[in-house]
Amino acid sequence: METIVNTSGAPEAARLLLDARQTGTTLPHLPEHLRPRSQADAHRIQDAIIAQLGPVGGWKIFAGDEPAPFLSPLPARLVFDQGHQAPKSPLPIVLVELEIALTLGQDLPARDIPYDVPTVREAIASFHPLLELISFSWTDRDQVDRLTQLSDLQNSAGFVVGDGRADWQAFDPAGAGSALQLDGVEVATTSTGCDLHTILRTLALLANHAATRGVSLRKGQVITTGSRLVAPIGRAKSIHGEIGGLGSVWAALT
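Residues numbered from 1 in each chain as written. Predicted model: local features only at pLDDT ≥ 70, side-chain atom pairs only at ≥ 80, totals over all residues. Heavy atoms only, no water.

Caption draft 1: Representation of empty space enclosed by the protein in the model. Within the structure shown, the criterion is met by 1 cavity of 30 Å³ or more. Considering only enclosed or pocket space, the largest cavity measures out at about 40 Å³ in volume. Ile61, Phe62, Ala63, Ile199, Thr202, Leu203, Ile223, Thr224 and Thr225 together form the lining of the largest cavity. Of all elements in the fold, only α5 (196–213) and β10 (222–232) reach the threshold of two or more residues within the lining of the largest cavity. Looking at side-chain class alone, the lining of the largest cavity contains 6 nonpolar, 3 polar and no charged residues. (1 Å grid on protein atoms, 1.4 Å probe; cavity = no way out; pocket = protein on both sides within 12 Å on 5 of 7 lines; lining within 4 Å. Points joined across faces, edges and corners; volume = space filled by probe spheres on them. Helix = DSSP H or I, 4+ residues; strand = E, 2+ residues; numbered from the N terminus. Nonpolar A, V, L, I, M, F, W, Y, C, P; charged D, E, K, R; others polar.)

In structure tokens form, the structure reads like this:
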């Protein structure tokens, strides 16, 4: 399908999305002529947002079998340490996701040979429990197509990264039980998740994608592997997540 967004249109779409994030004035949708018609369109808008918000500190991707999974970078200014207290922001935090994430211990720059599972495996420094904070730039998210939401960094308002496990080779993500609490009340649990090989295969895909996009993966970047649990925030002020074999992660909302 022919795309509509181009090099000149992506910055305008990004400006509208940044205005929503910075002022709290939600959008019913992007104007028709600025809406992405492909993932490549959405990635151009993401790049224009990142150009304004600073260097990449992490990536959001769902580990699975999709040949072209939805993915997006996140600026370093939205990657927070354990115990982050999120201040009131123009766009409220409406959802939280508990996820397994990894941190890179070395760069994965562009190269002639595509990255594969053994290569990216050697680049991982640690695995972490992670909370992803979600806000919506949209008046009604259900009326906004998935590609347009992808353009807005997949609605991400930030990562809160728990302490890492450096001996991650002994960790079994597929069988790791998880629990999510809001204000001390357990709101969601699961006993299963994505297996390690799928996570590594998706990391290789991301490394190859990022290199061709001119934003290669770098040492210290945090990469999520998909939501284990999700819950609406409501009026909660504290968030606590636990992943078996990894430990806990928590954050506070003002």
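Caption draft 2: The pattern of salt bridges, seen in detail. Per the counting criterion, the structure on display carries 11 salt bridges. Here arginine 201 ties to aspartate 65 by a salt bridge, and the two come within 2.5 Å at their closest N and O atoms. Taken together, the residues span a long stretch of sequence, with arginine 201 in helix α5 and aspartate 65 in the loop between β1 (56–61) and β2 (71–75) at a distance of 136 residues. On the accessibility criterion, aspartate 65 (66% relative accessible area) is exposed. The partner of aspartate 167 in a salt bridge is arginine 165, and the shortest N-O contact between them spans 2.8 Å. One continuous salt-bridge network, built from bridges that share partners, spans Glu12, Arg15 and Asp19. (Salt bridge = Lys/Arg side-chain N within 4 Å of Asp/Glu carboxyl O. Buried < 20%, exposed > 50% of the residue type's maximum accessible area, 1.4 Å probe, protein only.)

Caption draft 3: Quick peek at the packing of aromatic side chains. Per the stated rule, a full pass over the model turns up 2 aromatic pairs. Across the ring face of tyrosine 115, the terminal group of arginine 111 is positioned such that the distance to the ring centre comes to 4.1 Å. The ring of phenylalanine 70 carries arginine 146 above its face, with NZ or CZ at 3.8 Å from the centroid. (Phe/Tyr/Trp six-rings, centres within 6.5 Å; stacked < 30°, edge-to-face > 60°. Lys NZ or Arg CZ within 6 Å of the ring centre and 35° of its normal.)

Caption draft 4: Summary view of the sheet that holds strand β12 (residues 247–253). Across the sheet, 5 strands lie side by side as β4-β12-β11-β8-β9; this open sheet has mixed pairing. Each edge of the open sheet is held by one strand with a lone partner, namely β4 (85–86) and β9 (185–190). Bridging between β4 and β12 involves 2 bridges; their strand directions are parallel. Bridge assignment links alanine 86 to a residue of β12, and that residue is leucine 253. (Pairing = 2+ DSSP bridges.)

Caption draft 5: Main features of the sheet that holds strand β5 (residues 95–104). Across the sheet, 7 strands lie side by side as β2-β1-β10-β5-β6-β7-β3; this open sheet has mixed pairing. At either end of the open sheet lies a strand with only one pairing partner, and these are β2 and β3 (79–81). For this sheet, the mean inter-axis angle between neighbouring strands, taken without regard to orientation, is 35°. The sheet contacts of α5 involve β1, β2, β5, β6 (124–134) and β10, and relative to β1 the element is tilted by about 125°. (Axes fitted to C-alpha atoms, helices over the stretch in contact; angles between N-to-C directions. Contact = heavy atoms within 4.5 Å.)

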